[in-house]
Amino acid sequence: MATESQETSLENRTKVISVSNVREVIVDNDAANASSTFCSNEIKTTKYTLWNFLPKSIFLQFKRVANIYFLITAIVASIPAVTSLNPATSIAPLIFVIAISITREGYEDYQRFKSDKELNNKKSRRFEDNNIQEVLWKDIAVGNLLVVKENEMIPSDIIVINSSLANGTCFIETASLDGEKNLKPKNAHPDTLKYFQSLERETSDVRDLKLVSEQPRANLYNYDGRLEMNGMPISLTSKQLLLRGSNLKNTAWVVGVVVFTGKDTRLMRNAEGGSFKQSQLERVVNKLVLAIMLVQFCLCTFCAVGSALWTQESRMEKDYIFPPGDRGPEPGFTGFLHWWSYFLLLNTMIPISLIVSIEVVKVVQAGFMAMDEGMYSSEKDRFCRPNTFVLNEELGQVKYIFSDKTGTLTCNKMEFKMCNIGHQMYGDLSELQAMGPIKKISTFHDPNHGVTYSFRDPKLERMIRDPSDTFEKLDYELYSESQKVLLHLKTQRDLVMEFWKAV
């Protein structure tokens, strides 16, 4: 029975991933990993490049029905045989609208470029020749041994080898991945805890490790892989995987090996690529423009048919219009030319000023949003940053919010207001009554753990400062299992001070 149990335990311990297409990584060995085609850790979220910006952005503008309509109007207005208007009256507004749109697109994409550059040039730490060296995020490669410290963002998907806490445990916040603010526990595999018990540990003993991993995919909650140690494979799961974009919390440091970088990370696999976006208002405008165009085409057809019929009758009877021997073009061709003439005369049914107004309003509105002090974040020292101006009006059309818990809509933070120690209540007891809003007075602030207290009680402060004062007599005794007195609290102050030690 013991032999069977040991074999079962060994089988569970050496479980391997059941996928045919895997990636193999040699830990802390760039030369061995150079032959593999792993992508860079540099990311790019921009829609355009310097070379394709102008043609691509202009092409995307004609996904709007109104722009196609005004382009046709400008072309027809340039034909002398059908136009009675100055072509500049149609061409200039169209150029102005498209110029505003592509300028806005260029500004938005430039902001993405700046954000990518800032992120790619953030600094992290990795082991190089048994020393911890600073490295830019964009220079991190698969197989590197990274050191991530408390409150730092994890620069790539890594397998945790050890941490500063017991049993290789660490805590991460994944708000940027799944919106959850609660801390998630992760832990190193027990067999890797012998490495990096401190940050001064040499790395030469880990260079023989081989990481066999699944190929990149978008699933945030599952992972299959194995780490081969001296020929002995150990199974790795999502409990050992720290994802790019998450933040290390309540843990002084972790050491991990990079398994996915750049566009192969879970974060980038779940990110939507740059695409042309339209708000609900633009979709409604497109439908209205199509409806007006249909009415306009019907009117143009009716007028063109009437013009052809009139020409047919007049060319035979009205010599002062059509002299003998010069009857002009055929009535059908005349009606065709007049159709386009009526099209130009009726183009005011779709005012180009509407499109100009919408574009200008969105750009100005985005500027006001970026300067709004009400949306300033003191924690990040950052104002609101509109990334897509064309969706501004969507913010004012939210009717319902479906939420599974109150923490989704609030800060999900509790404040220390009152406490009861023994027979005494401490804190502002007036808050137990409905006496209106209470002004917050921050008495304790820990930015590393996001803790803020607004607790104040003069009696408790005086009790702590002045031990010579007289206090309520108590007789509390704490006994051990052998019935020996471990702690004897004689007064209320003794109980308060003991409670304060525990806090």
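We now turn to the structure provided with this report. Every value quoted in this text rests on a predicted model; they were computed, and no experiment measured them. (Residues numbered from 1 in each chain as written. Predicted model: local features only at pLDDT ≥ 70, side-chain atom pairs only at ≥ 80, totals over all residues. Heavy atoms only, no water.)

**Details of empty space enclosed by the protein**
Link 1 in the chain: All told, the structure shown has one cavity of 30 Å³ or more when counted by the stated rule.
Link 2 in the chain: Lining the largest cavity, in full, are Arg64, Ala66, Asn67, Gln278, Leu281, Glu282, Val285, Asn286, Ile355, Ile358 and Glu359.
Link 3 in the chain: Broken down by secondary-structure element, the contributors of at least two residues to the lining of the largest cavity are helix H4 (65-77), helix H8 (280-317) and helix H10 (352-370).
Link 4 in the chain: Sort the elements by how many residues they give to the lining of the largest cavity and H8 lands first, with four residues.
Link 5 in the chain: By residue class, the composition of the lining of the largest cavity is five nonpolar, three polar and three charged. (1 Å grid on protein atoms, 1.4 Å probe; cavity = no way out; pocket = protein on both sides within 12 Å on 5 of 7 lines; lining within 4 Å. Points joined across faces, edges and corners; volume = space filled by probe spheres on them. Helix = DSSP H or I, 4+ residues; strand = E, 2+ residues; numbered from the N terminus. Nonpolar A, V, L, I, M, F, W, Y, C, P; charged D, E, K, R; others polar.)

**Structural notes on helix H3 (residues 53-61)**
Note: α-helices contain 3.6 residues per turn, so residues at a spacing of three or four share the same orientation.
Link 1 in the chain: What H3 keeps buried is the set Ser57, Leu60 and Gln61. Seen from one end, H3 has its buried residues packed into an arc of 110 degrees, which puts them on one side. For H3, exposure combined with an orientation more than 90 degrees from the buried face picks out Pro55 and Phe59.
Link 2 in the chain: Residues of H3 that are buried in the fold lie against H4 and helix H5 (88-120). (Buried < 20%, exposed > 50% of the residue type's maximum accessible area, 1.4 Å probe, protein only. Arc of directions from axis to C-beta. Contact = heavy atoms within 4.5 Å.)

**Here's the deal with unusual backbone geometry**
Link 1 in the chain: Residues other than glycine seldom take positive phi values, yet Asn151 does so here, at roughly 70 degrees.
Link 2 in the chain: Topologically, Asn151 is positioned in the loop between strand S4 (145-149) and strand S5 (157-163).
Link 3 in the chain: A relative accessible area of 29% places Asn151 in the partly exposed class.
Link 4 in the chain: Positive phi, normally seen in glycine, also occurs at Asn250, with a value near 55 degrees.

**What to know about the environment of Val254**
Link 1 in the chain: Relative to the assigned elements, Val254 resides in strand S13 (residues 253-260).
Link 2 in the chain: Sequence separation between Val254 and Ser163 is 91 residues; the distance between their C-alpha atoms is 4.1 Å.
Link 3 in the chain: Those residues in contact with Val254 that sit more than four places away from it in its chain are Leu146, Val147, Val148, Val160, Asn162, Ser163, Cys170, Leu242 and Leu248.

**Quick notes on the pairing of strand S8 (residues 210-214)**
For a regular strand, side chains alternate in direction, first toward one face of the sheet and then toward the other.
Link 1 in the chain: The buried count for S8 comes to four of five residues, which makes it a mostly enclosed element.
Link 2 in the chain: Inspection of the sheet shows strand S1 (residues 22-26) paired to S8 by five bridges, in the antiparallel sense. When the sheet's bridge partners are listed, Glu24 is paired in S8 with Val212.
Link 3 in the chain: Sheet topology places S8 next to strand S9 (residues 225-229); four bridges connect them, and they run antiparallel. In the strand pairing of S9, Val212 is matched with Arg226. (Pairing = 2+ DSSP bridges.)

Without other data, these values stay purely geometric and don't point to any function.
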